[in-house]
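# Structural description and commentary
Given next are the chains, with one letter for each unit.
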Amino acid sequence: MIRPILLVLLVCVVVRTGVLVTRENAFAADLDAYSAIASTIAQHGVFGLTSAEGVPRAIAFRPPLYPWLLSWTITDGQLSFLGIGSIHVCLALVTVVCVFDLTRRVISRLTGDRSRRCRWIAAFVAGLVTIDPLLLNQSSEVMTETLATAISTVVIYCWYRWYDSVRSVSQSTRIGFGVGLCLAVAYLCRPTFLVWAALLALTTLWLHRSRSPFLISLAIGFPVLVAVVCWTIRNQAVIGHPVWATTHGGYTLLLGNNESFYDYLEQGAIGDAWDASEFFASYAHRFEGDPTNASFWNRDWNDKTAQTASVTEYEDDRLAYLSAVATIKRRPTTFVWSAFVRVGRLWSPMPHQIDDRSAAAVVLVMLFYLGIWGAILIAFYRHRRNLFAAPFAAIWLLALTLTAVHAVYWSNMRMRSPIMPAVIMIASLALVPSRKTPATPGD
């Protein structure tokens, strides 16, 4: 009889490869310029973009890890479909293996069940992660979701293994350092993970009150701090500013806090997708007026030719940041409402109906996530005495991080991708009975 873990691996390879092969436009679009950056790295050894004249320019517009991985797949200046597809499938395998073993261990902890049935439930959960609509869709895009999801799942898995067993201070310090290394890698994939890393490091001060908490917290925080310092120093050297994240944050803040989006919210049409064409038309002319002033966004820019300006990427991003802050100050009530809307969209079970998305697909995705959210409620009720113990802290702190960050910055369903494997694992606990007494570490 086939072992559950082998079935999990086989299903993951078949499903994820099948999607890549059958999707006509897989890896075709480069919406976030990751492919262009990777090409510049491969051809010039510079993390940046190449001009039409073939001159590379160093940038800090995107985090470095994903483009660096892509650069290994560049052949003849082009992204290799086979190369990027292999990377994404391998990352998916890492994710489902961690989910499988994590689910098996969690069920054993909460129920004491170590039978074959437990492993088959874990295989079922890993299968759900494989076909998760968000993760499945993003697996064919040149974007960071697949990588970010794999890294975050590894961190959650390591954290659970760490706190599920009682260990000495020296063991905890070594494992904490390993978690810190994973978090450092996560930060280089998405700066948002820096908030998560800080919360996890601070949490150890409370969880290890009697076992050298500062040493263990330092073990987590030190690798992350090194990554932040190195990236910041690099950016100071190449763009002249100590940017610790990216020069894209201001634009992301403005995308979720601009006059057009706020008008849309006040019109009460949040059930429909926001038509951002007016915003993009105005944003293209940001150097021809004062975008921190509301009158700039109220002008009709559609028939005008956008002009370029000799500004650095840092100055450009700073202008976007100041424009967003000015909008928030002018319309604070709408900002508060927009934060609720952004959080709602982050965790919404239903994607918006747009032109290139069929109604049937929207319904299927909605049913999938409604099932997940419903199962989570049941799991919370059944295992409420155990689910908020230390081994699960990494999951809840990641949920808090994503919610807090995307309450302010631009948000949609895609932004929750890194936590979806853990969410599905928690939902699966609706399938198992609870213990009459709380589980203890090492059970």
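You'll find the structure just up there.
Presented here is a report on the structure given in the accompanying data block. (Residues numbered from 1 in each chain as written. Predicted model: local features only at pLDDT ≥ 70, side-chain atom pairs only at ≥ 80, totals over all residues. Heavy atoms only, no water.)

### Some points on the overall build of the protein chain
From N to C terminus, the protein chain includes 19 helices and 4 strands. A compact globule built from 443 residues would reach a C-alpha radius of gyration of about 22 Å, and the protein chain, at 23 Å, matches this within 12%. Within the protein chain, the fraction of its 443 residues that count as buried is 51%. By sequence separation, contacts in the protein chain at least 24 residues apart represent 74% of the contacts at least 6 residues apart. Working note: accessible area of the protein chain is about 20200 Å², and carbon and sulfur atoms make up 64% of it. (Helix = DSSP H or I, 4+ residues; strand = E, 2+ residues; numbered from the N terminus. Rg over C-alpha atoms; globule rule 2.2 N^0.38 Å. Buried < 20%, exposed > 50% of the residue type's maximum accessible area, 1.4 Å probe, protein only. Contact = heavy atoms within 4.5 Å. Areas by Shrake-Rupley, 256 points an atom, 1.4 Å probe, with all protein chains shown as cover.)

### Some words on the packing of aromatic side chains
Two aromatic rings, taken as a pair, are described by how far apart their centres are and by the angle between their planes. For the structure shown, the criterion picks out 27 aromatic pairs. These aromatic residues form a ring-pair network of at least three members: Tyr251, Phe261, Tyr264, Trp274, Phe279, Phe280, Tyr283, Phe296, Trp297, Trp301 and Trp410. Seen from the ring of tyrosine 34, arginine 62 lies directly overhead, with NZ or CZ sitting 5.4 Å from the centre. The ring of tyrosine 283 is capped by arginine 286, whose NZ or CZ atom sits 4.0 Å from the centre of that ring. (Phe/Tyr/Trp six-rings, centres within 6.5 Å; stacked < 30°, edge-to-face > 60°. Lys NZ or Arg CZ within 6 Å of the ring centre and 35° of its normal.)

### Description of the nonpolar core
The biggest cluster of nonpolar side chains holds 121 residues, and the ones touching the most others in it are Trp159, Leu183, Trp196 and Leu429. If near-sequence neighbours (up to four positions away) are discounted, tryptophan 159 is found in contact with Val179, Leu200, Thr203, Thr204, Leu207, Ile220, Ala390, Pro391, Ala393 and Ala394. (Core = buried A, V, L, I, M, F, W, Y, C linked by side-chain atoms within 4.5 Å.)

### Describing the packing of helix H7 (residues 145–163) against helix H8 (residues 169–189)
At their nearest, the axes of H7 and H8 sit 9 Å apart, and the two run at 165° to each other. Relative to H8, the element H7 lies roughly antiparallel. Judged by the sense of rotation from one axis to the other, the crossing of H7 with H8 is left-handed. Contacts between H7 and H8 involve Leu147, Ala148, Ile151, Val154, Val155, Cys158, Trp159 and Trp162 from the former and Ser172, Ile175, Gly176, Val179, Cys182, Leu183, Val185, Ala186 and Cys189 from the latter. (Axes fitted to C-alpha atoms, helices over the stretch in contact; angles between N-to-C directions. Parallel < 35°, antiparallel > 145°, perpendicular 65-115°, else oblique. Left-handed = near helix turned anticlockwise from the far one by under 90°.)

### Description of a nonpolar patch on the surface
Together, Phe177, Leu181, Leu218, Phe222 and Val226 line one region of the surface with nonpolar side chains, adding up to about 440 Å² of accessible area. Broken down by secondary-structure element, the contributors of at least two residues to the nonpolar patch are H8 and helix H10 (213–239). It is H10 that contributes the most residues to the nonpolar patch, 3 residues altogether. As for its placement among the helices and strands, phenylalanine 222 is situated in helix H10. (Patch = residues over 30% accessible without salt bridge, like charges linked within 9 Å, V, L, I, M, F, W, Y side chains within 5 Å. Salt bridge = Lys/Arg side-chain N within 4 Å of Asp/Glu carboxyl O.)

### Quick look at the environment of leucine 65
Here leucine 65 is to be found in helix H3 (residues 65–71). Leucine 65 has contacts with Leu147, Ile151, Val185, Leu188 and Cys189, leaving out every residue within four places of it along the chain.

### A few points about the environment of leucine 322
Along the polypeptide, leucine 322 turns up in helix H15 (residues 313–330). Here leucine 322 falls in the partly exposed class, since its relative accessible area comes to 36%. In this structure the C-alpha to C-alpha distance between leucine 322 and leucine 254, which are 68 residues apart in sequence, comes to 8.6 Å.

### Focus on a negative patch on the surface
On the surface, Asp275, Glu278, Asp300 and Asp303 cluster together into a patch of negative charge. Of note, aspartate 303 is situated in the loop between helix H14 (294–298) and H15. According to the relative accessible area criterion, aspartate 303 is exposed, its value standing at 75%. (Lys, Arg positive; Asp, Glu negative; His and termini not counted. Charge placed at Lys NZ, Arg CZ, Asp CG, Glu CD.)

### Overview of the side chain of serine 35
Within the secondary structure, serine 35 sits in helix H2 (residues 34–44). Serine 35 has contacts with Asp30, Leu70, Ile74, Leu79 and Val142, leaving out every residue within four places of it along the chain.

### With respect to helix H18 (residues 393–406)
Taking 1.5 Å of rise per residue, 14 residues should cover 20 Å, and H18 covers 20 Å from first to last C-alpha, within 8% of that figure. A large share of H18 lies buried, amounting to 10 of its 14 residues. For H18, the elements touching its buried residues are H7, helix H9 (193–207), helix H16 (332–347) and helix H19 (420–428). (Expected span 1.5 Å × (residues − 1).)

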